[in-house]
Amino acid sequence: MSFFKKLFGRIKDKDIKEPNNIEETQQNNAEIERQKEEARLAEEARLAEEARLAEEARLAEEARLAEEARLAEEARLAEEARLAEEARMAEEARIAEEARLAELVKEQEDTPNVDEEIQQAEGVEPAETTQEDKENVFRRLFSGLTKTRNNILNSVESVLRSFHKIDEDLYEELEEALIMSDFGVETTLYIMDELRKMVSMHKLTDPEDLKVALQTIISTILTAQEVTPIIQEGVPNVILVIGVNGAGKTTSIGKLSNQLKSQGKKVVLAAADTFRAAAIEQLQIWANRSEVDIIKHAEGSDPASVVYDGIAAAKARKADVLICDTAGRLQNKTNLMKELEKISRIIEREYPEAHKEVLIVLDSTTGQNAISQVKLFKEVAKVDGIILTKLDGTAKGGAIIGICQSMQVPVKYIGVGEKINDLQVFDPYDFADALFPIDFSEDELLLEQSRAEIADAQQ
C-alpha cells in the first residue's frame, strides 16, 4: 500500500511541477519582450530627442545668420547714410564759404582805398617800405597768430611753470605739449633732440630758458630751406597755384596779384580751375578788385586751353607775371596728375623763356593733414613753395613747423586775415618771435649764439 502511495505521490508532484515550469518560462519570455520593448522605446525616444535638438540647433543657426545679415545690412545702410550726410554738409559748407568770400570781396571792392586813389590821381608813386610799415606788418602777424600762440604758449608755459629744474620729466611733458600743439611726432622728436643739445651746450638749468631755446630751434627749422623769390626780374614769370578745393587758392591769387600790381608789375590771371562751381566768378571778382586782366573760358572747359590762351595774352600784353589757378580734385589723383602734367608741358613749350614757380596753398586749419596734401602734390608736380592760409582762424599753426621740417618745402607766404593786404611774405624769424614773444634784453646773445651753432651743425 505504501508503494502505491509513494508512486501516486511522485506522479502527483510531477503533475504539479510541470505547470509551474511552463508558467516561469512564459514569465521569462514576457520579461524579455518587455525589456526589448522598453529598449526600443528608449532608442526611439533618444533618436527623437537627437532629431529635436538638431532641428533646434539648425533653426538657431539660421536665426543667427539672419540676424547677422540684418545687422550687416543696417550697418551698411547707416554708413552710406553717414557718408552721404557728410558729403552733403561738406558741399553746403563749401558753397557757404564761397558765398561768404564772394560777399567779402564785393564789400572790399565797394570800399575804395582813399589814400591809394589820391596818390594815383596826383601821380604820386607809392612810398618805400619804412620801419613803421614793417612794424605794422609784424603787428598784423602777431595778431593773426593769437590762437596758435595761445595754444602753444599755454601748453608750454604750463609745463615750464610746473618744474623748478630741467629733467627728463620736464622733457616728457614738453614733448607731449608740442605734439598736442600740432607740431607732429617727427618734428617734435627733432625739436626735443636739439633742445637737449642746447641745454647741455649752454648748461641751462632754469626751465624758463627753454622758451628762448625753442624759439631758436623753430626759427632754425623755418630757415633751413633756401627761400628764392617767386619773381625774377628781366624775364616773364609764370606762377602755377595748386592745392585742394577750399584751401584758399582763389583768394590767395587775388591777394598776390594785388600785391604784385602794387609793386608795379603787370599781371594776367588764367582761370584754369574750370571744374569747381563759382571758381571763375570768384577769380573775376578778385581781378576786378586788383585791376588786373583775366583770361577765362566757360565752366567745364579744358584747363590746359585756358593756360594756353593765358600765355598768349601775357605775351601780347607784355605782362610781367602770369598767375594760373588750377583745380584741386584730390579724389581723382590720376586725372589731377594728367591735368598738371599737360599744363606744365604747355608752359614749357609755349613759354620756355619764362621763370616758372609752383606754389601750393595749404589751409592751416587742417593741421597735420596739410602734410599729406604736400606729399600727394609733390608726387604730381615740383612744389617750389607754400602759401599757408587762415592762420588767424586756427590754433593749429604749429603744423607749419612740421611741414618745413618733414617736407623740406619753404613757406613763402602766409595769410593772417581776410583783408586784401593780409597775405604776407613769410619771415621765419618774425614768425618765431610772434609765436614765442620774449624780452631779449637778457636772452638776445644766447638766441643769436644758438642760431649760429645750430646752423653750423646742420651744415
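As the structure is a computational prediction, the values presented were derived from the model and not from experiment. (Residues numbered from 1 in each chain as written. Predicted model: local features only at pLDDT ≥ 70, side-chain atom pairs only at ≥ 80, totals over all residues. Heavy atoms only, no water.)

Tell me about the pairing of strand 7 (residues 411–415), and please be specific about residues and values.
Burial analysis of strand 7 places five of its five residues in the buried class, which makes it a mostly covered element. Pairing analysis gives three bridges linking strand 6 (residues 385–389) to strand 7, with the strands arranged parallel. Bridge pairing in strand 7 places Ile386 opposite Val411. Bridging between strand 7 and strand 8 (residues 423–425) involves three bridges; their strand directions are antiparallel. From the neighbouring strand, Ile414 faces strand 8, where its bridge partner is Gln424. (Buried < 20%, exposed > 50% of the residue type's maximum accessible area, 1.4 Å probe, protein only. Helix = DSSP H or I, 4+ residues; strand = E, 2+ residues; numbered from the N terminus. Pairing = 2+ DSSP bridges.)

Describe in detail a negative patch on the surface, supporting the description with residues and values.
Judged by side-chain charge, Asp169, Glu172, Glu173 and Glu176 come together as a negatively charged surface patch. Relative to the helices and strands, Glu176 resides in helix 5 (residues 168–180). According to the relative accessible area criterion, Glu176 is exposed, its value standing at 51%. (Patch = residues over 30% accessible without salt bridge, like charges linked within 9 Å, V, L, I, M, F, W, Y side chains within 5 Å. Areas by Shrake-Rupley, 256 points an atom, 1.4 Å probe, with all protein chains shown as cover. Salt bridge = Lys/Arg side-chain N within 4 Å of Asp/Glu carboxyl O. Lys, Arg positive; Asp, Glu negative; His and termini not counted. Charge placed at Lys NZ, Arg CZ, Asp CG, Glu CD.)

So what's going on with the sheet that holds strand 6? Residues and values would help.
Pairing is mixed in the open sheet, where eight strands are placed in the order 3-2-4-1-5-6-7-8. Edge positions in the sheet fall to strand 3 (293–295) and strand 8, since each of these pairs with one other strand and no more. Neighbour-to-neighbour, the strand axes of the sheet open up by a mean angle of 25 degrees, direction not taken into account. The sheet contacts of helix 8 (residues 249–262) involve strand 1 (237–242), strand 2 (267–271), strand 4 (321–325), strand 5 (355–363), strand 6, strand 7 and strand 8, and relative to strand 4 the element is tilted by about 170 degrees. (Axes fitted to C-alpha atoms, helices over the stretch in contact; angles between N-to-C directions. Contact = heavy atoms within 4.5 Å.)

Quick rundown of unusual backbone geometry? Include the residues and the values.
Phi is positive for Lys203, close to 55 degrees, though the residue is something other than glycine. Tracing the sequence through the fold places Lys203 in the loop between helix 6 (185–202) and helix 7 (209–222). On the basis of relative accessibility, which here comes to 68%, the residue Lys203 falls in the exposed class. Of note, the phi angle at Glu291 is positive, near 60 degrees, even though the residue is not glycine. With respect to the secondary-structure elements, Glu291 resides in the loop between helix 9 (279–290) and strand 3.

I'd like a description of the pairing of strand 1, backed by residues and values.
Side chains on a regular strand alternate between the two faces of the sheet. In terms of residue burial, strand 1 counts as a mostly covered element, since six of its six residues are buried. Here strand 1 shows no split at all, with Asn237, Ile239 and Val241 on one side and Val238, Leu240 and Ile242 on the other all buried. Pairing of strand 1 with strand 4, which is carried by five bridges, proceeds in the parallel orientation. Within strand 4, the position partnered with Val241 by the bridge is Asp325.

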